[in-house]
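A closer look at the structure
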2 protein chains.
Amino acid sequence: MALQSFIEVKPDSHFPIQNLPYGVFMPEPGSPARPGVAIGDYVLDLSEIAKAGLFNGPILTGSDCFLKPNLNKLLAMGRPAWKEARATLQKLLSSTEAALRDNASLRQKSLVSMGKVEMVLPIAIGDYTDFFSSMHHAKNCGTIFRGPQNPIPANWFHLPIAYHGRASSIVISGTDIVRPRGQGAPSGNSPPTFGPSQKLDFELEMAAIVGPGNELGKTVDVNEAADHIFGVLLMNDWSARDIQAWEYVPLGPFLGKSFGTTISPWIVTLDALEPFACDAPKQDPHPFPYLAEKISKNYDISLEVQIKPAGQQDSCVVTRSNFKNLYWTLTQQVAHHTINGCNLRPGDLLGTGTISGPEPDSLGCLLELTWNGQKPLSLNGASRKFLEDGDEVTFTGCCKGNGYNVGFGMCSGKIVPSPSL
Amino acid sequence: MALQSFIEVKPDSHFPIQNLPYGVFMPEPGSPARPGVAIGDYVLDLSEIAKAGLFNGPILTGSDCFLKPNLNKLLAMGRPAWKEARATLQKLLSSTEAALRDNASLRQKSLVSMGKVEMVLPIAIGDYTDFFSSMHHAKNCGTIFRGPQNPIPANWFHLPIAYHGRASSIVISGTDIVRPRGQGAPSGNSPPTFGPSQKLDFELEMAAIVGPGNELGKTVDVNEAADHIFGVLLMNDWSARDIQAWEYVPLGPFLGKSFGTTISPWIVTLDALEPFACDAPKQDPHPFPYLAEKISKNYDISLEVQIKPAGQQDSCVVTRSNFKNLYWTLTQQVAHHTINGCNLRPGDLLGTGTISGPEPDSLGCLLELTWNGQKPLSLNGASRKFLEDGDEVTFTGCCKGNGYNVGFGMCSGKIVPSPSL
């Protein structure tokens, strides 16, 4: 029988004792932020557990990593510390362990109803990198922008393409997204356009959180790269397709992306995901030795995108995809990122790129779903080419275990109008 | 007669009392870093001046901004604080003021020989953005990579193109640069190449340091953008042209740039640069209103690049350019960066892009100077298409005033070999 917690966890919960994802929260508005793990409908306050002396393993005893307003110090400590924390917390929360279960005072202090807390960014993000690792997304975008002849760039199968993203505008799930203004491409002999984006889009992504970094000038071996990844979360890389299409030659996306990127509050650890590991796609051509892994892993994570159109009560599912649709693995992304000596730091965010699958209902953005606005979607009778003001987009992600889920919760954001200039 | 300091400043010094650029230094190895200004051959330790109570204006009295290991707090305080600090320091260092001049104990504590200190990064850099604002550079790169037909992309004259750079690998002048490894483009039917970059290049840039930022979702008006810029420094955006050429389609530069970016230690304030302001180039087509400035300013800053080839004692000047060669101004860059609501934060770094002039000896990188390796340079008899291991590249920048300079010092780095894998 599966491990059980003394805390009631509903069968469809994303957060059983097998998961224990990490976040940072404020128990009430204005109180200091502190780390927690999700368990059922509760958040376990790790600062209280640390103050009670219950992180008593050899690495974490006396550490202040759970007294910080972000997870960066824990991230820097590496996998042995993470494994110790997980073992400690799984034991503490289990139905057979009395230390917390039978201590009413500590339960009162450390278990907070999830509905009452305010989640904040769990990490201080030094650099944010976004990859482009779904072949289906690369093929569809190439076809839309450059036509059906060789839609996938020649380099794509040789290296995990990526660009540097904007770290300052990464926000936590639930933050409104202001529709960006910008220039769009001229049509014919007209001048370029200017105004609120007319092609505002979501991008269904996940992102890896970097643990220990590497020194500038040194590389990370692809077979050791997993030790540099703490966990994974959901990410919406909001995109203004009209701004992006006009600005991106020759230096890539800039203002079309930098107005906001939403991440989910809970980081699911690689240890929690391990039961859901699956083979990564076979790669042809065979990658260079620095990208060739002894074991090449993906994870079977079901992903879903819902849109609640402005003024409506109900959401529509517009996409069902899966993390395993990625061609390049997280570990290959880390190895590639550092092959030139670039240093990663704890808390860096590595986006996967839009996770589109092969089926028409598994495409990870409106650009693909509506084929750049040519085929509007019908949402409870409302028609959408791109997002309108008031639309709310929610991602969920979940691994289905034997009698339990390991889930990611939600990553959500609502579009609000551009302010007047 | 020009303002003079009681500290001797040689006529060719970059650091007279008219300049007073800000940096962060360690008086001896391992001692805590603290802010300073350069004056002649000395660094004035601002933590000692603050502790002595000599920042006694209405804004800075009691502030701990000079007791920090970086300038970010001072940057966030904005122009009124910067003006007060400058007035205080110019008075304190002037030949007619006794407070420091006649206080041997305070002089002993606060004035450190520049030759003895170790300069460190002056700011904690949240995000680094690199623009592409020299028309000559854009034209030359376009011609080299895409041919002489329409070498400048259609968007270039409508907006200051930029990309997000890597913040983690920004290093202070004097730090060795490890030659990056990476993939290069296939030729014919061969597979792509892999190994240490064969086309390692410098890029002559300057960068603006952001002061007060803007809230996410809000824009900065172009006519108020100067209040968001603290000052300017020299920057070498090292580039591996072979890696860049293969990876950059369609998302822009990534590993071809992220292995290292060198900045000079001293930030010259806009106030110190004001006497060297000059008209920016006339822009045709006329820019959109959000980019149209009442006063459009450049600065007359002479720039020089020297290379000391491996194994030689002497450096060769390879380029003489000028900041005023930029088409898009710093203030237009800030306005464009925020027009979509992207938030800037104190300490963000905005690179200008390579500053090439119109003449053959004013080109800002080897890609242009050697026309992608087709026309090697002769350096004291050594021939160079691109940089070799052991080559040292040094930038200097200086404004020539009436009887004094306002200079930037040096931005320098030496290439060291790729380590074995």
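Residues numbered from 1 in each chain as written. Chains lettered and ligands numbered in written order. Predicted model: local features only at pLDDT ≥ 70, side-chain atom pairs only at ≥ 80, totals over all residues. Heavy atoms only, no water.

A look at the overall build of chain A
Counting its regular elements, chain A contains 10 helices and 26 strands. The globule rule puts the C-alpha radius of gyration for 421 residues at 22 Å, and the 22 Å found for chain A is close to it. For chain A, the C-alpha atoms occupy an extent of roughly 75 × 55 × 40 Å along the three principal directions. Every one of the 421 residues in chain A was classed for burial, and the buried ones make up 62%. Contacts spanning at least 24 positions in sequence make up 72% of the contacts within chain A whose residues lie at least 6 apart. Entry remark: accessible area of chain A is about 15600 Å², with carbon and sulfur atoms responsible for 51%. Side chains of chain A carry 34 positive and 40 negative charges; the gap between the two charge centres is 1 Å. (Helix = DSSP H or I, 4+ residues; strand = E, 2+ residues; numbered from the N terminus. Rg over C-alpha atoms; globule rule 2.2 N^0.38 Å. Buried < 20%, exposed > 50% of the residue type's maximum accessible area, 1.4 Å probe, protein only. Contact = heavy atoms within 4.5 Å. Areas by Shrake-Rupley, 256 points an atom, 1.4 Å probe, with all protein chains shown as cover. Lys, Arg positive; Asp, Glu negative; His and termini not counted. Charge placed at Lys NZ, Arg CZ, Asp CG, Glu CD.)

A few points about helix α6 (residues 135-146) of chain B
Counting along an α-helix, one turn takes 3.6 residues, and residues three or four places apart therefore face a common direction. Residue and element names in this part refer to chain B. Taking 1.5 Å of rise per residue, 12 residues should cover 16 Å, and α6 covers 16 Å from first to last C-alpha, within 8% of that figure. Restricting attention to buried positions, one finds in α6 the residues H137, A138, N140, C141, G142 and I144. In this structure, the buried side of α6 is in contact with α10 (366-369). Looking one or two places after α6, you find G147, whose phi comes out positive at around 95°. (Expected span 1.5 Å × (residues − 1).)

Topic: the nonpolar core
The biggest cluster of nonpolar side chains holds 229 residues, and the ones touching the most others in it are L349 of chain A together with L349 of chain B. Ignoring sequence-local partners within four residues, the contact set of L349 of chain A consists of I123, I125, D127, Y128, T129, I170, A207, A208, I209, L233, M235 and I263 of chain A. (Core = buried A, V, L, I, M, F, W, Y, C linked by side-chain atoms within 4.5 Å.)

Considering the interface of chain A and chain B
The interface is formed by 57 residues belonging to chain A together with 57 residues belonging to chain B. For the pair chain A and chain B, the two sides together bury roughly 5300 Å², of which 65% comes from carbon and sulfur. Linking chain A to chain B there are 4 salt bridges. Salt-bridge contacts for D348 of chain A lead to R166 of chain B; the nearest nitrogen and oxygen are separated by 2.7 Å. Counting the contacts that link chain A with chain B gives 26 residue pairs in polar contact (both at pLDDT 80 or more). Breaking the side of chain A that touches chain B down by element, the ones donating at least two residues are β6 (128-131), β7 (162-164), β10 (181-184), β11 (193-196), α7 (241-247) and α9 (330-338) of chain A. It is β7 of chain A that provides the largest number of residues to the side of chain A that touches chain B, a total of 3 residues. When the residues that make up the side of chain A that touches chain B are grouped by side-chain class, the tally is 32 nonpolar, 18 polar and 7 charged. (Buried area = accessible area lost by both parts, 1.4 Å probe. Salt bridge = Lys/Arg side-chain N within 4 Å of Asp/Glu carboxyl O. Polar contact = N/O pair within 3.5 Å; in protein donor to acceptor, adjacent residues only side chain to side chain. Nonpolar A, V, L, I, M, F, W, Y, C, P; charged D, E, K, R; others polar.)

Here we look at the UniProt feature "domain: Fumarylacetoacetase N-terminal" (unreviewed entry) in chain A
The sites that UniProt annotates as "domain: Fumarylacetoacetase N-terminal" (unreviewed entry) are residues 18-122 of chain A. Summarising residues 18-122 of chain A: 36% helix, 20% strand, and an end-to-end C-alpha distance of 20 Å. (UniProt positions renumbered as here; feature names shortened; annotations may be inferred.)

Observations concerning the relation of the copies chain A and chain B
Both copies of the chain are related by a screw-like operation: a rotation about an axis and a shift along it. The two copies are related by a screw operation: chain A maps onto chain B through 180° of rotation and 0.0 Å of translation along the axis, at an RMSD of 0.0 Å. On the angle and the small slide along the axis, the relation comes out as a two-fold axis. Considering only C-alpha atoms, the residue of chain A closest to the rotation axis is G252 of chain A, which sits at 2.1 Å. Take the interface residues of chain A: 100% of them recur as interface residues in chain B, which is what a same-surface contact looks like. (Least-squares fit on C-alpha atoms with pLDDT ≥ 70 in both.)

Observations regarding the sheet that holds strand β2 (residues 34-39) of chain B
All names here are of chain B. Spatially, 5 strands are ordered β4-β3-β2-β1-β5 in an open sheet, and the strand pairing comes out antiparallel. Two strands close off the open sheet at either side, each with one partner strand: β4 (111-113) and β5 (118-120). Strand after strand, the sheet turns through a mean of 50° between neighbouring axes, direction not considered. Helix α3 (residues 79-93) rests against β1 (22-26), β2 and β3 (42-45) of the sheet, and its axis sits at about 70° to β1. (Pairing = 2+ DSSP bridges. Axes fitted to C-alpha atoms, helices over the stretch in contact; angles between N-to-C directions.)

Some thoughts on unusual backbone geometry
Of note, the bond from V249 of chain A into P250 of chain A is cis; its omega dihedral lies within 30 degrees of zero at 5°. With respect to the helices and strands, P250 of chain A occurs in the loop between α7 and β16 (261-263). Of note, N372 of chain B is a non-glycine position whose phi angle comes to about 60°, a positive value.

Examining the UniProt feature "active site" (unreviewed entry) in chain A
Residues and elements named next belong to chain A. Listed under "active site" (unreviewed entry) in the UniProt record, and renumbered for this structure, are H137. Following the sequence through the fold, H137 ends up in helix α6 (residues 135-146). For H137, the contacting residues outside a window of four places in its chain are F132, E203, T354, S356, C365 and E368.

Focus on the packing of aromatic side chains
One pass over the full model with this rule turns up 30 aromatic pairs over all chains. Between F276 of chain A and Y404 of chain A the ring centres are 6.4 Å apart and the planes differ by 75°, which places this aromatic pair in the edge-to-face class. Here the residue F276 of chain A occupies a position in the loop between α8 (270-273) and β18 (277-279), and Y404 of chain A occupies one in the loop between β25 (392-400) and β26 (405-416), the gap between them amounting to 128 residues. Judged by relative accessible area, F276 of chain A falls into the buried class, the value being 8%. Considering the side-chain rings of Y290 of chain A and F194 of chain B, the 4.9 Å spacing of their centres and the 15° angle between planes classify their relative orientation as stacked. Taken together, the positions of Y290 of chain A in the loop between β18 and β19 (297-299) and F194 of chain B in strand β11 (residues 193-196) put the pair across two chains. What makes F194 of chain B partly exposed here is its relative accessible area of 30%. Ring pairing ties together the aromatic residues W156, F157, Y327 and W328 of chain A, which thus form one cluster. One residue, R34 of chain B, lies across the ring of F25 of chain B, its end atom 6.0 Å from the ring centre. (Phe/Tyr/Trp six-rings, centres within 6.5 Å; stacked < 30°, edge-to-face > 60°. Lys NZ or Arg CZ within 6 Å of the ring centre and 35° of its normal.)

A word on the confidence of the model for chain A
Predicted coordinates in regions of low pLDDT should not be interpreted in detail. All names here are of chain A. Considering every residue of chain A, the mean pLDDT works out to 97; 100% of them sit at 70 or more. Within chain A, α6 has the poorest average pLDDT of any element, 94, and β16 the best, 99. The complex prediction reports pTM at 0.98, with the ipTM value standing at 0.97. (pLDDT = per-residue confidence, 0-100.)

Considering the environment of A138 of chain B
All names here are of chain B. Within the secondary structure, A138 sits in helix α6. For the pair A138 and H228, spaced 90 residues apart in sequence, the C-alpha to C-alpha distance is 27 Å. Not counting residues within four places of it along the chain, the set of residues in contact with A138 comprises F132, P151, I152 and W156.

Description of the environment of V406 of chain A
Within the secondary structure, V406 of chain A is located in strand β26. Sequence separation between V406 of chain A and E224 of chain A is 182 residues; the distance between their C-alpha atoms is 25 Å.

Things to note about the sheet that holds strand β20 (residues 302-308) of chain A
Residues and elements named next belong to chain A. The strand order across the open sheet built from 5 strands is β9-β26-β25-β20-β21, with neighbouring strands paired in mixed fashion. Each having just a single partner strand, β9 (177-178) and β21 (316-322) make up the two edges of the open sheet. In terms of strand pairing, β25 meets β26 through 8 bridges, oriented antiparallel. Bridging across to β26, E392 finds its partner in K414.

Describing the pattern of salt bridges
The tally for this structure, following the rule as stated, stands at 46 salt bridges over all chains. For D127 of chain A, the salt bridge identified is with R166 of chain B, shortest N-O distance 3.5 Å. With D127 of chain A in the loop between β5 (118-120) and β6 and R166 of chain B in the loop between β7 (162-164) and β8 (170-172), the pair connects residues from two separate chains. With respect to burial, D127 of chain A and R166 of chain B carry one shared label: buried. Notably, a salt bridge pairs E274 of chain A with K297 of chain A, separated by 2.9 Å at the nearest N-O pair. One end of the pair, E274 of chain A, is in the loop between α8 and β18; the other, K297 of chain A, is in strand β19, with 23 residues separating them in the sequence.

Here's the deal with the pairing of β3 of chain B
Residues in a regular strand point their side chains to alternate faces of the sheet. All names here are of chain B. Note that β2 and β3 share 4 bridges and pair antiparallel. Within β3, the residue paired with V37 across the bridge is L44. Pairing of β3 with β4 involves 3 bridges; the strand directions are antiparallel. The residue of β4 that forms the bridge with Y42 is S113.

Things to note about α3 of chain B
All names here are of chain B. With 15 residues, α3 should cover 21 Å at 1.5 Å per step; its first-to-last C-alpha distance of 21 Å lies within 8% of that length. For α3, the buried fraction is high: 11 of the 15 residues fall into the buried class. Taken as a whole, α3 has its buried residues at R79, A81, W82, E84, A85, R86, T88, L89, Q90, L92 and L93.

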